[in-house]
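Descriptive analysis of the structure
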Amino acid sequence: MEPAGENPIPAETKSEEGCWIPMVERITNQLTGFLKIRGTRLPTLGCVCFRSRNSVSTRARSWKVWFRGRVDLVALWGRKAWAGGGPGSPQPPGPKQSRGSPRGPQLRRRKTRVGDHPSSARDRAAPSTTMSAAWIPVLCLGVCLLLLPEPAGSEGAVPIAITCFTRGLDIRKEKADVLCPGGCSLEEFSVFGNIVYASVSSICGAAIHRGVISNSGGPVRIYSLPGRENYSSVVANGIQSQTLSRWSASFTVTKGKSGTQEATGQAVSTARPSTGKRLKKTPEKKTGNKDCKADIAFLIDGSFNIGQRRFNLQKNFVGKVALMLGIGTEGPHVGLVQASEHPKIEFYLKNFTSAKDVLFAIKEVGFRGGNSNTGKALKHTAQKFFTADAGVRRGIPKVVVVFIDGWPSDDIEEAGIVAREFGVNVFIVSVAKPIPEELGMVQDVAFVDKAVCRNNGFFSYHMPNWFGTTKYVKPLVQKLCTHEQMMCSKTCYNSVNIAFLIDGSSSVGDSNFRLMLEFVSNIAKTFEISDIGAKIAAVQFTYDQRTEFTFTDYSTKENVLAVIRNIRYMSGGTATGDAISFTVRNVFGPVRDSPNKNFLVIVTDGQSYDDVRGPAAAAHDAGITIFSVGVAWAPLDDLKDMASKPKESHAFFTREFTGLEPIVSDVIRGICRDFLESQQ
């Protein structure tokens, strides 16, 4: 079914053989003009144009492309026919000719110059009024080749084999027949819109979504359409299409006609002969920079403060940052929000997983204007952008990079608090700070310090203007990829409760007890301890138990480390089982509703006088992950009975107390590994 607006050539203009009669007449007239034949009729062109599409060879198709649009070349050959290649060949009419003869041009008589051959003058005396018969086939060949059918995109042409990920923008034709392969993974399709799809969409994905083909593949006809706004999100035939606010080009798909070519997964072209250049391969999805896993929202300034010109410079800078980040399926994901009078999410994290597509999307963002309500936009981003439906990944740092040209028009402090509550790291990139004469118009001069995740200088970034910003790209990217500094994200460094159960029995001794406290301190100082971050507690045990401090006693790392250094050695027996039960009840009990994941690290140097298996199992049932660390005489069986599964990665042993230091990194990695697994 042809789409509306298409104008196929009317049937009455074609002969039975398929030759377009008006076109023959038009080309004949063009040849007459090129040959500059005035008053002389061309000899009859006894050409036979074989129009059967099935009988046109590949060589003829190639020649047809060569001759298309080159009528002047045929005319040049015609001039050579007039110029003469030997005796008897006709000469073109001279510039001084009589226009009075009805039968053709006549030349004035010319005196024979000294040195002229007699035959030369005789040959020029009477030019022929008809073209040499030897050149008629040349003109016939030119006309017939010009009339050959368009091989690609025409009715009955062989479909172009494409891959699962070939996009609409990869097909640079108004109409084309393509052949989709079978067995494509529905989850990997990127489709934007419904019925009318953004050109960045997968053609085969759109065809399956539209119901034109099934997942087994098949022929599809694609029609290019203009760009539009507000591509809708619809679930159809197992594919969830995505929303897109705006794109420069679109396409739609219908059922295509079957061809004999097999879909091989490689895009091929039959439009023109080979030029020796390699065909462009459909880009494959890349994993990206695995060392920079982050979900990043760029909150750009679209207000009248920045204006249209600087807005475009801002987009260029954001594009450079996105390119250097190393966007990919297993690397950073980015989205874009524009702040103006009202915030607008331009595209989400899940929309694009390649730098090329992100750059296209950034380029398409239009300037909105209005007041710079950055606070309103930041709050909206923290609440609406970072959701599972929008593509946020669990256990991955969430980051908002806020670009402010000048100063915000509204309160940004409250938005910063909301962002921290949602576990979002807020970076502020300020450009052209207000000068002293403008400070009276600024609602809060310290807006940067109040909006960022932490007022420590790491989360704020300043550029003097939007010109020459390339040198600022790399330092900003390095900050965005420094995950251990993302103190507002819900990560293993700031979203855990860790209690240490320390053996204070007589077999340890005071000097070795100090080494055990150093081991505890080295683990604790790795984590971001705060009132909303990681929390640390400690219990010392012999036959009795003593709570050194709980999770709620200290909220800074400095205080926690100072208390650990000042713990006094108890000395006594070893009742590890009772100590585990005490800790579960009195230390973890008050924080059972905490969003943080609970961990217990047991450090002991000997065999317990009571059972450890039962209390440890009760702790596991309460959602507490146990790491057991044994020194000297600690039995390996007890360590494994207390440790969580898998036992091999949660139980450690060293013969000397000085061997505790290498175990620090193993315990930290184990805590982060278990935390990430709990977030999946």
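I will try to describe carefully the structure that is included in this document.

Scoring rules and cut-offs
Along each chain, numbering runs from 1 in the same order as the chain's sequence is written. Given that this is a predicted model, residues contribute local features only at a pLDDT of at least 70 and side-chain atom pairs are listed and counted only at 80 or more, while totals for whole chains, interfaces and linings are drawn from all residues. Each side-chain value is derived from all of the structure's non-hydrogen atoms; neither hydrogens nor water enter the calculation. Runs of H or I in DSSP of at least four residues are treated as helices and runs of E of at least two as strands, each being numbered from the N terminus. Exposure classes here rest on a 1.4 Å probe applied to the protein chains alone. A residue is buried below 20% of its type maximum, exposed above 50%, and partly exposed in between. The convention is simple: Lys and Arg are positive, Asp and Glu are negative, and His and the chain ends are not counted. Any carboxyl oxygen of Asp or Glu within 4 Å of a side-chain nitrogen of Lys or Arg constitutes a salt bridge here. Note on contacts: a residue pair qualifies if any of its non-hydrogen atoms lie within 4.5 Å across the two residues. DSSP calls a pair of strands paired once it identifies at least 2 bridges connecting them. For every element, the axis is a line fit to its C-alpha atoms; helices are fit only across the contacting stretch, and the angle between N-to-C directions ranges from 0 to 180 degrees. By definition, the crossover connecting two strands over a helix is right-handed if that path, from the first strand to the second, turns clockwise as seen with the strands pointing away from the viewer. Within this scheme, the nonpolar core is defined by two criteria: the residues are buried Ala, Val, Leu, Ile, Met, Phe, Trp, Tyr or Cys, and they are joined through side-chain atoms within 4.5 Å. Between 30 and 60 degrees the pair is tilted, below 30 it is stacked and above 60 it is edge-to-face, where a pair is any two Phe, Tyr or Trp rings, Trp via its six-membered ring, whose centres lie within 6.5 Å. For a lysine, the NZ atom is tested; for an arginine, the CZ atom; a charge sits over a ring if that atom is within 6 Å of the ring centre and within 35 degrees of the ring normal. Throughout this description, a polar contact denotes any pair of N or O atoms lying within 3.5 Å of each other; where both atoms belong to protein, one of them has to be capable of donating a hydrogen while the other can accept it, and for residues adjacent in sequence the pair is counted only when both atoms sit in side chains. For this classification, under 35 degrees means roughly parallel, over 145 means roughly antiparallel, 65 to 115 means roughly perpendicular, and everything else is oblique. Gly is placed with the polar residues, together with every amino acid not listed as nonpolar (Ala, Val, Leu, Ile, Met, Phe, Trp, Tyr, Cys and Pro) or charged (Asp, Glu, Lys and Arg).

This brings us to the side chain of Glu-364. Within the secondary structure, Glu-364 is located in helix H8 (residues 355–364). For Glu-364, which is buried and forms no salt bridge, the nearest opposite charge comes from Arg-246, at a distance of 4.4 Å. Leave out the neighbours within four places in its chain, and Glu-364 touches Arg-246, Trp-247 and Ser-248.

Now for the sheet that holds strand E3 (residues 160–161). Judged by pairing direction, the sheet is mixed, and its six strands sit side by side in the order E3-E4-E7-E10-E6-E5 without closing on themselves. Edge positions in the sheet fall to E3 and strand E5 (193–194), since each of these pairs with one other strand and no more. Where strand E4 (residues 175–180) and strand E7 (residues 218–231) come together, six bridges link them in antiparallel fashion. Note on E7: the bridge partner recorded for Cys-180 is Gly-218. Strands in contact with helix H6 (residues 203–210) are E4, E5, strand E6 (196–198), E7 and strand E10 (244–255); relative to E10, the strand with the most contacts, it is inclined by about 70 degrees.

The subject of this paragraph is the pattern of salt bridges. This model, assessed by the stated rule, comprises twelve salt bridges. For Glu-330, the salt bridge identified is with Lys-290, shortest N-O distance 3.3 Å. Of the two residues, Glu-330 is situated in the loop between helix H7 (307–325) and strand E12 (333–339) and Lys-290 in the loop between E10 and strand E11 (295–301); the sequence distance between them amounts to 40 residues. Glu-330 gets classed as partly exposed once you look at its relative accessible area, which sits at 34%. The shortest N-O distance in the salt bridge between Asp-674 and Arg-673 comes to 3.7 Å.

It is worth spelling out unusual backbone geometry at this point. The omega torsion across Lys-645 and Pro-646 is -10 degrees, close enough to zero to call that bond cis. Locating Pro-646 in the fold gives a position in the loop between helix H17 (636–642) and strand E22 (651–654).

Within E11, seven of the seven residues are buried, which leaves it mostly tucked inside the rest of the structure. Side chains of E11 alternate between two faces, with Asp-295, Ala-297, Leu-299 and Asp-301 and Ile-296, Phe-298 and Ile-300 buried alike. The sheet contact formed by E11 and E12 spans seven bridges and is parallel. The residue of E12 that forms the bridge with Phe-298 is Leu-336. Between the parallel elements E11 and E12, the chain passes through H7 in a crossover that is right-handed. Alignment of E11 against strand E14 (residues 398–405), held across five bridges, turns out to be parallel. Within the sheet, the bridge partner assigned to Phe-298 lies in E14 and is Val-401.

Our next topic: the nonpolar core. In terms of nonpolar packing, the biggest core is built from 75 residues, with Phe-298 and Leu-325 touching the most fellow members. One finds Leu-517, Ile-567, Phe-657 and Val-664 within the second-largest nonpolar core, a separate group that totals 40 residues.

Glancing now at the sheet that holds strand E17 (residues 496–503). One open sheet holds the six strands; their spatial order is E19-E18-E17-E20-E21-E22, and the pairing between them is mixed. If you trace the sheet from one side to the other, it starts and ends with strand E19 (545–549) and E22, each paired once. Mean inter-strand twist for the sheet, computed between neighbouring axes without regard to direction, equals 20 degrees. Bridge analysis of E17 against strand E18 (residues 535–541) gives seven bridges, and the strand direction is parallel. Across the sheet, Phe-500 pairs through a bridge with Ala-538, a residue of E18. Where helix H13 (residues 510–524) meets the sheet, its contacts fall on E17, E18, strand E20 (597–604) and strand E21 (624–631), and the angle it forms with E17 comes to roughly 175 degrees.

For the rest of this paragraph, the subject is the packing of aromatic side chains. Under the defined criterion, the tally for this structure stands at 23 aromatic pairs. Aromatic side chains Tyr-461 and Tyr-472 sit 6.4 Å apart centroid to centroid with 85 degrees between the ring planes, which places their arrangement in the edge-to-face category. Of this pair, Tyr-461 sits in strand E16 (residues 460–463) while Tyr-472 sits in the loop between E16 and helix H12 (473–480); the two residues are eleven residues apart in sequence, bridging distant segments of the chain. As far as burial versus exposure is concerned, Tyr-461 and Tyr-472 are alike and both buried. In textbook terms, an aromatic cluster arises when at least three aromatic residues are bridged by ring pairs, as seen for Phe-192, Trp-247, Phe-347, Phe-352 and Phe-360. Across the ring face of Tyr-231, the terminal group of Arg-228 is positioned such that the distance to the ring centre comes to 5.6 Å. One residue, Lys-479, lies across the ring of Phe-458, its end atom 5.5 Å from the ring centre.

Its place among the elements puts Gln-540 in strand E18. We classify Gln-540 as buried; its relative accessible area is 0%. At a separation of 2.9 Å, a polar atom in the side chain of Gln-540 contacts the main-chain carbonyl oxygen of Arg-568. Apart from the residues within four sequence positions on either side, Gln-540 is in contact with Ile-502, Gly-504, Phe-513, Gln-545, Arg-546, Glu-548, Ile-567, Arg-568, Tyr-569 and Met-570.

The next point concerns the packing of helix H9 (residues 374–385) against helix H10 (residues 413–421). One can describe the packing of H9 onto H10 by two numbers: an axis separation of 8 Å at closest approach and a directional angle of 10 degrees. Compared by their axis directions, H9 and H10 come out roughly parallel. Of the residues in H10, those touching H9 at Gly-375, Leu-378, Lys-379, Ala-382 and Gln-383 are Glu-414, Ala-415, Gly-416, Val-418 and Ala-419. Each residue belonging to the contact of H9 with H10 can be placed in one class, and the counts come to five nonpolar, three polar and two charged.

Moving on, we get to the pairing of E7. Sheet topology note: the E7/E10 ladder contains ten bridges and is antiparallel. From the neighbouring strand, Arg-221 faces E10, where its bridge partner is Thr-254.

Once that is clear, we can look at the environment of Ile-624. Structurally, the position occupied by Ile-624 is in strand E21. Looking at Ile-624, the relative accessible area reads 4%, which means it is buried. Measuring from C-alpha to C-alpha, the distance between Ile-624 and Ile-498 comes to 9.6 Å, with 126 residues separating the pair along the chain. If sequence neighbours within four positions are ignored, Ile-624 has contacts with Val-584, Phe-588, Asn-598, Phe-599, Leu-600, Ala-619 and Ser-644.

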